[in-house]
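Structural characterization, general
Residue-level listing of the chains:
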Amino acid sequence: MYSLRQYLLTLEDPHGLTRQLGEVTLCRDEQGRALFSAGNSAAVFRIRRAGRIEALRCYFRPRRHLAEIYGDRYLPRELYLYTAPDRGEWVDVVLNDWIEGETLQQAIETAAQAHDRKRLAALSTAFDHLAAELVSDNRAHGDLKPDNIIVEADGTLRIIDLDASFLPAFAGETSSETGTAAFQHPTRTAEDFDARIDDYPAALIATALHALRLDPTLYDRYGERDGLLFSPLRIGTDAALDEVLALLAQKGHAAEYRIARLLRTETLRLPGLPDLLHYLTTERKAPAAIPELFAENGFWGYRTGSEVVVPPLYDCGFDFTEGVAAVRLGSTWHYIDPTGRTVLSCPGYEAVKPFRNSRAQAIRNGHKVQIDPMGREFEI
């Protein structure tokens, strides 16, 4: 309905064409070109106003709920756009602070291509904290993807483009859009509009970062032009996800493994995701007593009394002996300490037993052996 050219025409010489903004100047690059980014539904211009750099979001067609989503940052009927040489109309805009930084998509690509594990680990940790907040409240972004997240210089992640947000006041409505296909569950429709619509993209982005921090070369093999490592449309048979699941299981990253497994859930609302992200982002403290093994929903965890110390994450487990417990994640056995931290991984072993007198029996290639707490193997 409105064009980028119309907005540029107004903002090139905005005198008399604004209501509340006052004097506005377009910021320009070294070649004198206006600085802006344009998507399917809006363009964001970098402007200078009253000595401040701000972001002016301008829409190509009217959008609903902007006042509820943006509050006083929403300026109705603010800019005058010429629709003909002798006439025009006033249109709505949103004024935000300008966030300096690169998108999370750019940051991931740069770090992965450089095989920068430290940078990828920092991005992964920051996103886990952001995702834990996103999936635990009564709101949702609606189009969660790395291009809608800015990484500031200090590593802080800031979400942008809130146009498709869900708020409790919108309950019962349909969504005006269904997000970007490369990050959304394949079954999502306009009818899916509630506080859980960020579950799937949060799990997908988190899983990609969990994997890349361990093995950045995954990006060399599976990097997606419009996504990260995975394609939601083929997630059921995705070779990248198969490799990532095997990697996480082998490294003993149990919560990350369970999050990755959720990507093959048939619905976009992922059961247990908020709890898994909370566990990942909460400091783990040694329990006052030795945790006891318990089972729930087919998985094994550890608790002291009514307090869950290690959630049910494992496919099999033994009681703690000599300060560690043997657990199986996928096809790989590990030993964890009472906080749930993996202290010894045993890839290639078909079975292991608890430690007794600093030795544990194990089976490798059908033969019984013993291992010590350092993972050294001894013949029986």
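Overview of the structure. Since this is a predicted model, take the numbers as computed values, not measurements.

Definitions and cut-offs
Residues numbered from 1 in each chain as written. Predicted model: local features only at pLDDT ≥ 70, side-chain atom pairs only at ≥ 80, totals over all residues. Heavy atoms only, no water. Helix = DSSP H or I, 4+ residues; strand = E, 2+ residues; numbered from the N terminus. Buried < 20%, exposed > 50% of the residue type's maximum accessible area, 1.4 Å probe, protein only. Polar contact = N/O pair within 3.5 Å; in protein donor to acceptor, adjacent residues only side chain to side chain. Contact = heavy atoms within 4.5 Å. Core = buried A, V, L, I, M, F, W, Y, C linked by side-chain atoms within 4.5 Å. Disulfide = S-S within 2.5 Å. Salt bridge = Lys/Arg side-chain N within 4 Å of Asp/Glu carboxyl O.

Time to look at the side chain of T207. Structurally, the position occupied by T207 is in helix α5 (residues 199-214). Judged by relative accessible area, which is 0%, T207 ranks as buried. Within the local environment of T207, its side chain forms a polar contact with the backbone oxygen of A203, the two atoms lying 2.8 Å apart. If near-sequence neighbours (up to four positions away) are discounted, T207 is found in contact with F230, V244, I259, A260 and L263.

With that out of the way, let us pick up the nonpolar core. In summary, soluble globular proteins display a tendency toward joint burial of nonpolar side chains. Of all hydrophobic cores here, the largest spans 66 residues; its most connected members are F127 and F230. A per-element tally of this core places α5 first, with 11 residues. Look past the residues within four positions of F230 in its chain and what remains in contact with it is A182, L204, T207, A208, E224, I235, D238, A240, L241, V244 and L263.

Attention now goes to the state of the cysteines. By definition, a disulfide is the covalent link that joins the sulfur atoms of two cysteine residues. For the structure shown, the criterion picks out 0 disulfides. In this structure C316 is a free cysteine whose sulfur lies 13 Å from that of C346, the closest cysteine sulfur available. C316 sits in the partly exposed class, given a relative accessible area of 23%. For C346, a relative accessible area of 3% translates into the label buried.

With that settled, consider the pattern of salt bridges. Taken as a whole and judged by the stated rule, the model has 25 salt bridges. The residue R52 makes a salt bridge to E54 at a minimum N-O spacing of 3.8 Å. Overall, the relative accessible area of 43% leaves R52 in the partly exposed class. Two residues, R258 and D315, come together in a salt bridge whose shortest N-O distance is 3.2 Å. You can see R258 sitting in helix α8 (residues 254-262) and its partner D315 sitting in the loop between β12 (307-314) and β13 (316-317), a full 57 residues away along the chain.

Moving on, we come to the environment of Q250. In this fold, Q250 is placed in helix α7 (residues 239-251). Taking the relative accessible area as the measure of exposure, Q250 reaches 40% and is therefore partly exposed. Sequence separation between Q250 and A114 is 136 residues, and the spatial gap between their C-alpha atoms is 24 Å. Residues in contact with Q250, not counting those within four places in the same chain, are T332, H334, S345 and P347.

With that settled, consider the side chain of D199. By the secondary structure assignment, D199 is in helix α5. Setting aside its immediate chain neighbours within four residues, D199 contacts V135, L268, R269, L270 and L273.

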